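Single-letter residue listing:
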Amino acid sequence: MKIIDIVGENYFGKWDKIRTACRAIIIKDNKILLSYETKTNQWMLPGGGLEVNETEADCVIREVAEETGIVIKPSECVLEIDEYYEDWKWVNRYFWGEVVGETNVQLTDREQEVGMEPRWMPVDEILSIFSKHQMYAESDEMRRGMYLREYTALKTIGLRY
């Protein structure tokens, strides 16, 4: 498994906080499943934070189901991207996901507020959107970092325009 580091300009040089998230790459008919925030026009691969006593496989299954209503069978972890911002290390573990069923979407309050919904997007379109990460450098550092992370992940695992 490959590990990639992304170091933000605001990194303090050492971290004392860490958070691990598990994310799925799910492709069907040359489209990729994404979580889309309708009120912020923001895209991301489905996934989220690892809970105490939860395996990474269980985390990615739970997070994808909660955000999209899709039940997956995950692969082994295929990529890790470690991000360093301020005094944080954000560990992002990526898994291929095979669709095996459906369930009810269960969004958090924040996800409901931003109008999160699942969307299947053509691979070339989402790669184009994520490739423009630098255009957010002055206005939205969180989106810039997220789009850089997702673009790096998709390009590293071999998705192409």
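In case you missed it, the structure is sitting above this.
Each value, and the rule that gives it
- Residues numbered from 1 in each chain as written.
- Predicted model: local features only at pLDDT ≥ 70, side-chain atom pairs only at ≥ 80, totals over all residues.
- Heavy atoms only, no water.
- Helix = DSSP H or I, 4+ residues; strand = E, 2+ residues; numbered from the N terminus.
- Rg over C-alpha atoms; globule rule 2.2 N^0.38 Å.
- Contact = heavy atoms within 4.5 Å.
- Areas by Shrake-Rupley, 256 points an atom, 1.4 Å probe, with all protein chains shown as cover.
- Lys, Arg positive; Asp, Glu negative; His and termini not counted.
- Charge placed at Lys NZ, Arg CZ, Asp CG, Glu CD.
- Core = buried A, V, L, I, M, F, W, Y, C linked by side-chain atoms within 4.5 Å.
- Buried < 20%, exposed > 50% of the residue type's maximum accessible area, 1.4 Å probe, protein only.
- Polar contact = N/O pair within 3.5 Å; in protein donor to acceptor, adjacent residues only side chain to side chain.
- Expected span 1.5 Å × (residues − 1).

A. Broad picture of the overall build of the protein. In terms of regular secondary structure, the protein is built from 4 helices and 9 strands. Since a compact globule built from 161 residues should have a radius of gyration of about 15 Å, the 15 Å found for the protein is in line with a globular shape. A principal-axis box enclosing the C-alpha atoms of the protein has dimensions of 45 × 35 × 35 Å. Long-range pairs, those at least 24 residues apart, make up 72% of the contacts in the protein between residues at least 6 apart in sequence. In the form shown here, the protein has an accessible surface area of approximately 8500 Å², with 48% of it arising from carbon and sulfur atoms. Here the protein contributes 20 positive and 30 negative side-chain charges, whose respective centroids are spaced 4 Å apart.

B. Region of the structure containing the nonpolar core. The biggest cluster of nonpolar side chains holds 24 residues, and the ones touching the most others in it are Ile-32, Leu-34, Trp-43, Ile-126, Phe-130 and Leu-154. Breaking this core down by element, the ones donating at least two residues are β1 (2-7), β4 (31-37), β7 (70-85), α3 (123-131) and α4 (141-156). Counting residues per element, this core draws most heavily on α4, at 5 residues. Excluding anything up to four places from it in sequence, Ile-32 contacts Ile-25, Ile-26, Ile-27, Leu-45, Arg-119, Trp-120, Met-121, Val-123, Ile-126, Leu-154 and Leu-159. Core analysis: the next-biggest nonpolar cluster, separate from the first, contains 11 residues, Ile-26, Leu-33, Cys-59 and Ile-72 among them.

C. Molecular detail of the side chain of Glu-83. Along the chain, Glu-83 turns up in strand β7. In this structure Glu-83 comes out as buried when scored by relative accessible area, which is 4%. Of note is the side chain of Glu-83, whose polar atom sits 2.9 Å from the side chain of Asn-92. In contact with Glu-83, other than residues within four places in its own chain, are Ile-6, Trp-88, Lys-89, Trp-90, Asn-92, Gly-145 and Arg-149.

D. Highlighting helix α1 (residues 56-68). An ideal rise of 1.5 Å per residue puts 18 Å on 13 residues; α1 measures up with 18 Å between its terminal C-alpha atoms. Along α1, the residues classified as buried are Cys-59, Val-60, Arg-62, Glu-63, Val-64, Ala-65, Glu-67 and Thr-68. Just beyond α1, the residue with positive phi is Gly-69, at close to 80°.

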